[in-house]
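Here is what each chain is made of, one letter per residue.
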Amino acid sequence: MKKHDFNPESLMMTYGYKPELSEGAIKCPIFQTSTFVFKTAEEGKAFFELAYGLREKSPKEEPGLIYSRINNPNLEILENRLCLWDKADDCAVFESGMSAISTVLLEFLKPGDLLVYSNPLYGGTDHFIHHFLNKIGVHTIGIMPGQGIDGVIKMIKDSGKADRLAMIYLETPANPTNNIVDIDKFSQVAKQFSKGDKQALVAVDNTYMGPLWQHPLQCGADLVLYSATKYIGGHSDLIAGAVLGNVELMVRVKTLRTFLGNMVSPHTAWLLLRSLETLKVRMDQQTQNAQIVADYLKNHSKVKNVYYLGLLEEGTEMYQVYQKQCFAPGAMVSFDIIGGEKEAFTFLNHLKLMKLAVSLGGTESLAEHPKTMTHAGVDEEQRQQMKITDQLVRLSIGIEHSKDLIWDLKQALGKVESYSTKELKVI
């Protein structure tokens, strides 16, 4: 019989796990142990040689279990399954998204190097770049939304550090405005400035799209990063991060992770294994709901602009990029409410079904005010350039019934109208 290639969603229940090694348990147990027993001293020696990179792995040799800071069955099975979605060689899972981001930036950047990054970025990433990397002598160039590739190349050349370009870091779609950039074009820029063994890498934060709706490695990226807290975890009950890429790069990422000690715990890995089983079902429902929400908001009298990939106009550059590298418009919807902070807060304070909280990608719908919450630490001038204003509200759409979500939006926006009218009468 011809071998059948199963889809990733079909493999999320079984891939990488052997029930016979765990008393026949249908689900992978939690391996809540700090250390593992070696059969012989020779085996222990062999395991450590691989773990510390003292020799190359022989054909069909598997890394042995040593200590849960280095590896653990829950961690390994989780990383194997995550590789399926992005078709990556290897994966490293971390205790948070910021752990994943900071480990990558620390491993591949050194004093004197140049980092080019897109804007806007997640607030934590923005803070790390501006308030830590500069302290260790890393030079940075920020790209603003809509900036052309020719302009980016000119900025790199004009910096006088083109020969030190070490990484292009992209967040696409961007948090919180859904701006997208062409991963393939930036990978070509990286190649242009790579010489000999000095390779400029492209790293993409793919959190907004999760492992389903965009595959950056297939678009030319070298590394893809996730806050696994979001869609991958999907239940707002854990904190985790993930990095995926080719074998050579991931050896470096995993080695630094070992010595920073910021790998995910066995219990959190087990929770993520649970979440992967429903990942596609959840994300399919979320993007369906998000399109309905975006369509409702674009026609509402209290809404000025809606930022959602499913509303991009055909023929525009962003639409062409979206068509080239995305499989769905996602489940993040941002919009400008007519008015300012007072109107935005009134809307947020009157939501009944949606919860006023940061984070995203969970089964429940969330709403927040980026300027004063997730992006409060971003420079005010930059926020204005990136359209992160008093008017901007960000929604993470969950799996609730779409009619209930629309009802909630309608009644909360209705309170904004009533509130404004009441204020005028008082005056």
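Each remark here, short or long, concerns the structure printed above.
The structure displayed is predicted, hence computed values, not measured ones. (Residues numbered from 1 in each chain as written. Predicted model: local features only at pLDDT ≥ 70, side-chain atom pairs only at ≥ 80, totals over all residues. Heavy atoms only, no water.)

*Asks:* Got a minute to help me understand the overall build of the protein in this structure?
*Replies:* The helix and strand tally for the protein stands at 15 helices and twelve strands. Compactness check: the protein gives a C-alpha radius of gyration of 23 Å against a globular reference of 22 Å for 427 residues, within 12% of the reference. Relative to its full complement of 427 residues, the protein shows a buried share of 53%. Restricting to contacts in the protein with at least 6 residues of sequence separation, those with at least 24 account for 74%. (Helix = DSSP H or I, 4+ residues; strand = E, 2+ residues; numbered from the N terminus. Rg over C-alpha atoms; globule rule 2.2 N^0.38 Å. Buried < 20%, exposed > 50% of the residue type's maximum accessible area, 1.4 Å probe, protein only. Contact = heavy atoms within 4.5 Å.)

*Asks:* Whenever I open this one, the packing of helix 4 (residues 97-108) against helix 9 (residues 247-260) confuses me. Can you help?
*Replies:* For any two helices packed against each other, one specifies the inter-axial angle together with the distance between the axes. One can describe the packing of helix 4 onto helix 9 by two numbers: an axis separation of 10 Å at closest approach and a directional angle of 110°. Taken together, the axis directions place helix 4 and helix 9 in an arrangement best described as roughly perpendicular. In the crossing of helix 4 with helix 9, the sense of the turn from one axis to the other is right-handed. Within the contact between the two elements, helix 4 uses Thr103, Val104, Leu106, Glu107 and Phe108 and helix 9 uses Leu249, Arg252, Val253, Leu256, Arg257 and Leu260. By residue class, the composition of the contact of helix 4 with helix 9 is seven nonpolar, one polar and three charged. (Axes fitted to C-alpha atoms, helices over the stretch in contact; angles between N-to-C directions. Parallel < 35°, antiparallel > 145°, perpendicular 65-115°, else oblique. Left-handed = near helix turned anticlockwise from the far one by under 90°. Nonpolar A, V, L, I, M, F, W, Y, C, P; charged D, E, K, R; others polar.)

*Asks:* Quick question: what am I supposed to make of the environment of Leu366 here?
*Replies:* Note on placement: Leu366 falls in strand 11 (residues 366-368). Considered as a pair, Leu366 and Ser396 are 30 residues apart in the sequence and their alpha carbons are 5.0 Å apart. In contact with Leu366, other than residues within four places in its own chain, are Lys355, Ala357, Val358, Ser359, Leu360, Arg394, Leu395 and Ser396.

*Asks:* Explanation requested: the nonpolar core in the structure shown.
*Replies:* Nonpolar side chains tend toward joint burial in soluble globular proteins. Residues Leu82, Leu244, Leu297, Val333, Phe335, Phe347 and Leu395 are the most contacted members of the largest nonpolar core, which totals 71 residues. In this view, Phe347 contacts Phe335, Ile337, Val393, Leu395, Leu409, Ala412, Leu413 and Val416; residues no more than four positions away in its chain are not counted. Core analysis: the next-biggest nonpolar cluster, separate from the first, contains 26 residues, Val104, Leu105, Met167 and Leu249 among them. (Core = buried A, V, L, I, M, F, W, Y, C linked by side-chain atoms within 4.5 Å.)

*Asks:* How do you make sense of a nonpolar patch on the surface when you look at a structure like this?
*Replies:* Together, Phe38, Phe48, Tyr52, Leu54 and Phe259 make up an exposed nonpolar region whose accessible area comes to about 510 Å². In this structure, Phe48 sits in helix 2 (residues 41-51). Classification of Phe48 as partly exposed rests on a relative accessible area of 32%. (Patch = residues over 30% accessible without salt bridge, like charges linked within 9 Å, V, L, I, M, F, W, Y side chains within 5 Å. Areas by Shrake-Rupley, 256 points an atom, 1.4 Å probe, with all protein chains shown as cover. Salt bridge = Lys/Arg side-chain N within 4 Å of Asp/Glu carboxyl O.)

*Asks:* Quick question: what am I supposed to make of the pairing of strand 2 (residues 114-118) here?
*Replies:* Regular strands have side chains that alternate between both faces of the sheet. Judged by how many residues are buried, strand 2 sits mostly within the fold: five of five residues are covered. Burial along strand 2 is two-sided: Leu114, Val116 and Ser118 and Leu115 and Tyr117, pointing in opposite directions, are all buried. Alignment of strand 2 against strand 3 (residues 139-143), held across five bridges, turns out to be parallel. Residue Leu114 lies in a different strand from strand 3, and its bridge partner there is His139. With helix 5 (residues 123-131) bridging strand 2 and its parallel neighbour strand 3, the resulting β-α-β unit is right-handed. (Pairing = 2+ DSSP bridges. Right-handed = clockwise from strand over helix to strand, strands pointing away.)

*Asks:* Please clarify how the packing of aromatic side chains should be interpreted in this entry.
*Replies:* Two descriptors summarise a pair of aromatic rings, namely the distance from one centre to the other and the angle between the planes of the rings. If you walk through the whole model with that rule in mind, you get eight aromatic pairs. With centroids separated by 5.9 Å and ring planes inclined at 75°, the aromatic side chains of Phe38 and Phe47 adopt a geometry described as edge-to-face. Relative accessible area serves as the criterion here: at 30%, Phe38 is assigned to the partly exposed category. Relative to Phe259, the ring of Tyr52 lies with its centre 5.8 Å away and its plane at 70°, an arrangement referred to as edge-to-face. Of the two residues, Tyr52 is situated in the loop between helix 2 and helix 3 (73-86) and Phe259 in helix 9; the sequence distance between them amounts to 207 residues. Taken together, the ring pairs in this structure connect Phe38, Phe47, Phe48, Tyr52 and Phe259 into an aromatic cluster. Just above the ring of Phe94 sits the side chain of Arg257; from NZ or CZ to the centre is 5.8 Å. (Phe/Tyr/Trp six-rings, centres within 6.5 Å; stacked < 30°, edge-to-face > 60°. Lys NZ or Arg CZ within 6 Å of the ring centre and 35° of its normal.)

*Asks:* Looking at this structure, how should I read the sheet that holds strand 11?
*Replies:* In a beta sheet, neighbouring strands pair by backbone hydrogen bonds and run either parallel or antiparallel. The five strands are arranged 8-9-12-11-10 in an open sheet whose pairing can be described as mixed. Taken across any chain shown, the strands that pair with only one partner, and hence form the sheet edges, are strand 8 (303-307) and strand 10 (355-356). In this sheet, strand 11 lies alongside strand 10 in parallel orientation, the contact comprising two bridges. Bridged to Leu356 within strand 11 is Ala367.

*Asks:* Looking at this structure, how should I read the environment of Thr346?
*Replies:* The topology assignment puts Thr346 in helix 13 (residues 341-349). For Thr346 and Ala412, which are 66 residues apart along the polypeptide, the C-alpha to C-alpha distance reads 7.8 Å.

*Asks:* I would appreciate a short explanation of the sheet that holds strand 6 (residues 223-227) in the present structure.
*Replies:* Strand order in the open sheet formed by seven strands is 1-7-6-5-4-2-3, with mixed pairing between adjacent strands. Edge strands, defined here as strands with exactly one partner in the open sheet, are strand 1 (90-94) and strand 3. For this sheet, the mean angle separating the axes of adjacent strands, direction not counted, is 20°. With five bridges joining them, strand 1 and strand 7 (residues 241-245) adopt antiparallel strand pairing. Counterpart to Val93 in the pairing with strand 7 is Ala242. Across the sheet, helix 6 (residues 149-158) touches strand 2, strand 3 and strand 4 (165-171), and the angle it forms with strand 3 is around 160°. Along the sheet face, helix 7 (residues 183-192) touches strand 3, strand 4 and strand 5 (201-205) and points at about 175° away from the line of strand 4.

*Asks:* Would you explain helix 5 in this entry?
*Replies:* One full turn of an α-helix is made of 3.6 residues, so residues set three or four places apart face in the same direction. Of all the residues in helix 5, the buried ones are Gly123, Thr125, Asp126, Phe128 and Ile129. Contacts made by the buried residues of helix 5 are with helix 4, strand 2, strand 3, strand 4 and helix 14 (380-385).

*Asks:* Teacher, can you tell me more about the side chain of Thr207 here?
*Replies:* With respect to the element layout, Thr207 can be found in the loop between strand 5 and helix 8 (210-213). Within the structure, Thr207 has its side chain in polar contact with the side chain of Asp205 (distance 2.7 Å). In contact with Thr207, other than residues within four places in its own chain, are Leu225, Tyr226, Ser227, Lys230, Tyr231 and Leu360. (Polar contact = N/O pair within 3.5 Å; in protein donor to acceptor, adjacent residues only side chain to side chain.)

*Asks:* Would you mind going over unusual backbone geometry with me for this structure?
*Replies:* Trans is the prevailing form of peptide bonds, just as negative phi is the prevailing case for residues other than glycine. Following Asn119, the chain continues into Pro120 via a peptide bond in cis, with omega recorded as -5°. Tracing the backbone shows Pro120 in the loop between strand 2 and helix 5. Of note, the bond from Asn175 into Pro176 is cis; its omega dihedral lies within 30 degrees of zero at 15°. Phi at Ser359 is positive, roughly 85°, even though this residue is not glycine. Looking at where Ser359 falls in the secondary structure, it is placed in the loop between strand 10 and strand 11.

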